[in-house]
Amino acid sequence: MTIFLGSLLSFTRMQLGPIQKKQVEIDTKKKILGAVMDISSLSPEEVLELYNEKMNSIVIDVEGEEVLQDDGSKYVAEEVNIQKNYKISPDQRKYPVFMFSSDGDKVDYYIFPMFGNGLWDWISGFVALDENLNTVVGVAFYHKAETPGLGANIKQRFFMDDFIGESLLDADGNFRGVTVSKTNLDPKNEDKYDNEVDAIAGSTITGDGVTAMIRSDLSLYQEYFNNINSK
């Protein structure tokens with residue numbers, strides 16, 4: 001009986017494996033595209049078609065240079081595990097870069113993954129930047145177990161839309177990120193150069209996690225930003 005059940009479980013895993021892998025692929029690509037557009041009405045097939053048409057990707061190191069596998073082939077950026085990356089020393093990580101092109105040629109937006117800590121568990125997201133890599137054009141945040149109606153609201157449009165147009169640089173041109181601030185003096189979010197968005201009431205720790213996630217993860221792409229902007 002033990003051998004039979006073990007064989008049955010193994011067979012089931014083999015049968016479901018490709019299906020689960022496909023679902024992970026679709027979910028990942030939905031999240032990436034979600035940083036630059038509303039894809040809520042698209043079917044999984046339409047998501048994959050749009051992604052294949054508009055997106056390109058590479059994997060870089062902390063020096064901002066593309067890295068290849070031992071056989072010279074490219075890494076699949078969509079398969080880099082950002083959660084596992086979080087536990088690795090920054091100089092040992094692989095950094096995915098996703099590029100959106102409306103016409104298939106010139107890059108319109110660069111999209112970068114982020115991962116950090118919320119109140120109860122992990123939070124993650126993707127941030128899309130303009131072609132100059134200094135202005136946010138969209139974000140998509142996700143969480144595992146934040147408080148409903150409070151920290152969980154980081155994935156609501158009213159919060160994510162506040163980031164659109166925010167500069168990552170301070171007045172002197174230095175990287176600063178975007179702070180989720182309880183003391184923000186711009187509740188209507190009209191000043192896009194203050195490096196701040198309004199916090200969600202009652203979710204200080206989650207907001208601090210978003211701030212830290214943006215600042216720490218995007219700072220690790222600074223060499224890549226410099227490389228692109230120097231071309």
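Everything below is about the structure shown above.
A brief structural summary.

About the criteria used
Residues numbered from 1 in each chain as written. Predicted model: local features only at pLDDT ≥ 70, side-chain atom pairs only at ≥ 80, totals over all residues. Heavy atoms only, no water. Patch = residues over 30% accessible without salt bridge, like charges linked within 9 Å, V, L, I, M, F, W, Y side chains within 5 Å. Areas by Shrake-Rupley, 256 points an atom, 1.4 Å probe, with all protein chains shown as cover. Salt bridge = Lys/Arg side-chain N within 4 Å of Asp/Glu carboxyl O. Helix = DSSP H or I, 4+ residues; strand = E, 2+ residues; numbered from the N terminus. 1 Å grid on protein atoms, 1.4 Å probe; cavity = no way out; pocket = protein on both sides within 12 Å on 5 of 7 lines; lining within 4 Å. Points joined across faces, edges and corners; volume = space filled by probe spheres on them. Phe/Tyr/Trp six-rings, centres within 6.5 Å; stacked < 30°, edge-to-face > 60°. Buried < 20%, exposed > 50% of the residue type's maximum accessible area, 1.4 Å probe, protein only. Lys NZ or Arg CZ within 6 Å of the ring centre and 35° of its normal. Lys, Arg positive; Asp, Glu negative; His and termini not counted. Contact = heavy atoms within 4.5 Å. Nonpolar A, V, L, I, M, F, W, Y, C, P; charged D, E, K, R; others polar.

The next subject is a nonpolar patch on the surface. A cluster of nonpolar side chains, contributed by Leu-119, Trp-120 and Ile-205, occupies part of the molecular surface with about 330 Å² of accessible area. Positionally, Ile-205 belongs in helix α5 (residues 204-219).

This part is about empty space enclosed by the protein. Here the structure, examined in full by the defined rule, presents one cavity of 30 Å³ or more. Size it by volume and the largest cavity reaches roughly 110 Å³. Contributing to the lining of the largest cavity are Ile-82, Asn-85, Tyr-86, Arg-93, Lys-94, Tyr-95, Pro-96, Pro-113, Phe-115, Asp-217, Leu-220 and Tyr-221. Among the elements of the structure, α3 (82-85), β2 (95-100) and β3 (109-117) are those that each provide at least two residues to the lining of the largest cavity.

Right, let's talk about the packing of aromatic side chains for a bit. In the structure shown here, the tally under the stated rule is 12 aromatic pairs. Arranged with centres 5.2 Å apart and planes meeting at 80°, the rings of Phe-159 and Phe-163 form a pair that is edge-to-face. The pair Phe-159 / Phe-163 is uniform in exposure class, with both members buried. Chaining the aromatic ring pairs together yields one cluster made of Tyr-95, Tyr-110, Phe-112, Tyr-221, Tyr-224 and Phe-225. A cation sits over an aromatic face here: Lys-31 above Tyr-142, 4.8 Å from the ring centre.

Our focus in this paragraph is the side chain of Asp-130. Turning to its location among the elements, Asp-130 is positioned in the loop between β4 (122-129) and β5 (136-143). Look at Asp-130: it is buried, it has no salt bridge, and the nearest opposite charge is Lys-106 at 9.6 Å. Not counting residues within four places of it along the chain, the set of residues in contact with Asp-130 comprises Asp-108, Tyr-110, Thr-135 and Val-137.

Taken as a whole, the largest pocket encloses approximately 650 Å³ of empty space. Residue lining of the largest pocket: 26 residues in total, with Val-24, Thr-28, Glu-78, Val-80 and Asn-81 positioned closest to the centre. Elements with a contribution of two residues or more to the lining of the largest pocket: α1 (2-33), α3, β2, β3 and β4. Broken down by element, the residue count for the lining of the largest pocket peaks at eight residues, all from α1. The residue makeup of the lining of the largest pocket, split by class, is 14 nonpolar, five polar and seven charged. Taken together, 16 residues line the second largest pocket, and the ones lying closest to its centre are Lys-30, Gly-34, Ile-39, Ser-40 and Tyr-142. Mapped onto the lining of the second largest pocket, the elements with two or more residues apiece are α1, β5 and α4 (157-160). Examining the composition of the lining of the second largest pocket, we find that four residues originate from one element, β5, more than from any other.

Shape is all these values report; function is a separate question.
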